[in-house]
Amino acid sequence: MLKLAGQIDEAVAGIRRQYQRRPRVAIILGSGLGGLADEIDPAIAFAYSDLPHFPRSTAIGHRGRLVCGRLADVEVVAMQGRFHSYEGYSQQQITFPVRVMKALGAETLIVTNAAGGVNPHYRAGDLMVIDDQINLMFDNPLIGVNDDRLGPRFPDMSQPYCAQLQQTALAAARKHGIVAHRGVYLAVKGPNYEPRAEYRFYRQIGADAVGMSTVPEVIVAAHASMRVLGISVISNACSPEALSETSGEQVVQVAAVAGVKLRKIVLDVLPTLAV
């Protein structure tokens with residue numbers, strides 16, 4: 001971790017050559033949800049491949065760009081696609097963009113993902129506002145020597161997702177007539193979709209949805225003292241007793257359709273963060 005500060009400075013310097021404003025909000029757009037970044041205007045976009053120390057996005061439905069500009073009249077920096085353990089990246093590589101967005105000035109992180117619903121009340125296309133998380137990745141981006149310039153050795157995780165932002169998001173969902181639950185997100189490394197026995201296990205230990213991202217990014221956001229709002233698009237219902245085959249393409253398709261709902265909530269939440 002001691003090398004991170006210098007790498008962050010180099011990435012920020014690369015961005016600052018074209019983008020000098022200070023974003024208030026960082027946004028991570030997950031599988032099939034990148035369309036919201038196209039509404040940022042005026043937009044300055046950077047391919048990940050052009051930014052120092054950024055990995056390359058190889059996952060389905062992840063465009064691989066960092067987009068800076070205004071959305072709902074709020075200055076934002078958005079990841080149009082993220083990184084995952086199953087792509088072969090370390091937890092520190094996966095979360096590096098969160099560090100960079102924080103260094104650019106963002107104090108709030110909105111993180112989105114596509115997830116399988118293990119709660120039997122969830123249906124494909126529903127949204128879930130994340131209230132808490134379970135880390136079954138058996139890894140952590142904070143392992144190693146801590147750099148106190150980036151955050152404390154033992155960050156508190158008693159409330160990784162801001163309760164006030166949850167309420168704001170749920171109120172926006174009610175306003176638009178959108179089905180939005182509040183639940184617990186569980187993260188695994190992937191890349192395979194889980195067998196029935198694992199879905200049963202996840203439900204027994206308190207998970208409502210399961211995916212392959214988000215948890216490392218939120219751990220780093222907590223380390224960096226950022227407020228976090230997390231929203232999952234339920235891409236498929238994972239009932240162990242009626243489990244059907246799932247493909248990455250199907251997940252992206254459902255997430256893209258449900259992304260219209262997500263867009264409405266994010267655009268309602270953003271103006272509340274401008275003050």
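Before reading on, note that the structure itself is shown above.
Described below are features of the structure shown in this document. Fair warning: this is a prediction, and the values are worked out from it, not measured in the lab. (Residues numbered from 1 in each chain as written. Predicted model: local features only at pLDDT ≥ 70, side-chain atom pairs only at ≥ 80, totals over all residues. Heavy atoms only, no water.)

**A few points about the overall build of the protein**
When its secondary structure is counted, the protein shows six helices and nine strands. Relative to the globule expectation of 19 Å for 275 residues, the C-alpha radius of gyration of the protein, 17 Å, shows essentially globular dimensions. Counting only C-alpha atoms and orienting by the principal axes, one finds that the protein spans roughly 55 × 40 × 35 Å. Burial status across the protein gives 57% buried among its 275 residues. Of the contacts formed within the protein by residues at least 6 apart in sequence, a portion of 83% connects residues at least 24 apart. When the accessible surface of the protein is summed, it comes to about 11600 Å², and 51% of that surface belongs to carbon and sulfur atoms. Between the averaged position of the 27 positive side-chain charges in the protein and that of its 25 negative side-chain charges there is a distance of 4 Å. (Helix = DSSP H or I, 4+ residues; strand = E, 2+ residues; numbered from the N terminus. Rg over C-alpha atoms; globule rule 2.2 N^0.38 Å. Buried < 20%, exposed > 50% of the residue type's maximum accessible area, 1.4 Å probe, protein only. Contact = heavy atoms within 4.5 Å. Areas by Shrake-Rupley, 256 points an atom, 1.4 Å probe, with all protein chains shown as cover. Lys, Arg positive; Asp, Glu negative; His and termini not counted. Charge placed at Lys NZ, Arg CZ, Asp CG, Glu CD.)

**Concerning the side chain of His223**
Following the sequence through the fold, His223 ends up in helix H5 (residues 215-223). In this structure His223 touches Met1, Arg99, Leu142, Asn146, Leu150, Gly151, Pro152 and Pro155, once residues within four positions along its chain are discounted.

**Examining the pairing of strand S4 (residues 74-80)**
Of all seven residues that make up S4, seven are buried, and the element is covered over most of its length. Burial along S4 is two-sided: the face carrying Val74, Val76, Ala78 and Gln80 and the face carrying Glu75, Val77 and Met79 are both buried. Here five bridges tie strand S1 (residues 25-29) to S4, and the two strands are oriented parallel to one another. Residue pairing across strands places Leu29 opposite Gln80, the latter belonging to S4. (Pairing = 2+ DSSP bridges.)

**Thoughts on the nonpolar core**
The biggest cluster of nonpolar side chains holds 49 residues, and the ones touching the most others in it are Ile15, Leu66 and Leu109. With six residues, helix H2 (residues 91-104) is the largest single contributor of residues to this core. Discounting chain neighbours no more than four positions away, the residues touching Ile15 are Phe46, Leu51, Leu66, Cys68, Val100 and Leu104. Leu33, Ala78, Leu165 and Ala173 belong to the second largest nonpolar core, which has 35 residues in total. (Core = buried A, V, L, I, M, F, W, Y, C linked by side-chain atoms within 4.5 Å.)

**As for unusual backbone geometry**
The linkage connecting Asp41 with the following residue, Pro42, adopts the cis geometry, with an omega of -5°. Looking at the secondary structure, you find Pro42 in the loop between S1 and strand S2 (44-47). Geometrically, the link from Gly190 to Pro191 is a cis peptide bond, its omega value of 10° lying close to zero. Topologically, Pro191 is positioned in the loop between strand S7 (180-187) and helix H4 (196-204). Positive phi values are uncommon outside glycine, yet His53 reaches one of about 70°. For His53, the location among the structural elements is in the loop between S2 and strand S3 (65-71). Its relative accessible area of 38% is what places His53 among the partly exposed residues. The phi dihedral of Asp73 is positive, around 65°, even though this residue is not glycine.

**Some remarks on H2**
Compared with an ideal rise of 1.5 Å per residue, which puts 14 residues at 20 Å, H2 spans 21 Å between its outermost C-alpha atoms and is within 8% of the ideal. Approximately 30° is the largest bend angle found in H2, and it occurs at Pro97. Among the 14 residues that make up H2, ten are buried, leaving the element largely enclosed by the rest of the structure. Within the sequence span of H2, burial applies to Gln91, Ile94, Thr95, Phe96, Pro97, Val98, Arg99, Val100, Met101 and Leu104. Buried residues along H2 sit against helix H1 (4-16), S1, S3, S4, strand S5 (108-117) and H5. (Expected span 1.5 Å × (residues − 1). Bend = angle between axes of the 7 residues up to and from the residue.)

**Brief notes about the pattern of salt bridges**
In the structure shown here, the tally under the stated rule is twelve salt bridges. Salt-bridge contacts for Arg21 lead to Glu75; the nearest nitrogen and oxygen are separated by 2.8 Å. Taken together, the residues Arg21 in the loop between H1 and S1 and Glu75 in strand S4 connect sequence positions 54 residues apart. On the basis of relative accessible area, Arg21 is assigned to the partly exposed category, the value being 36%. (Salt bridge = Lys/Arg side-chain N within 4 Å of Asp/Glu carboxyl O.)

Any functional reading would require information that these geometric values do not contain.
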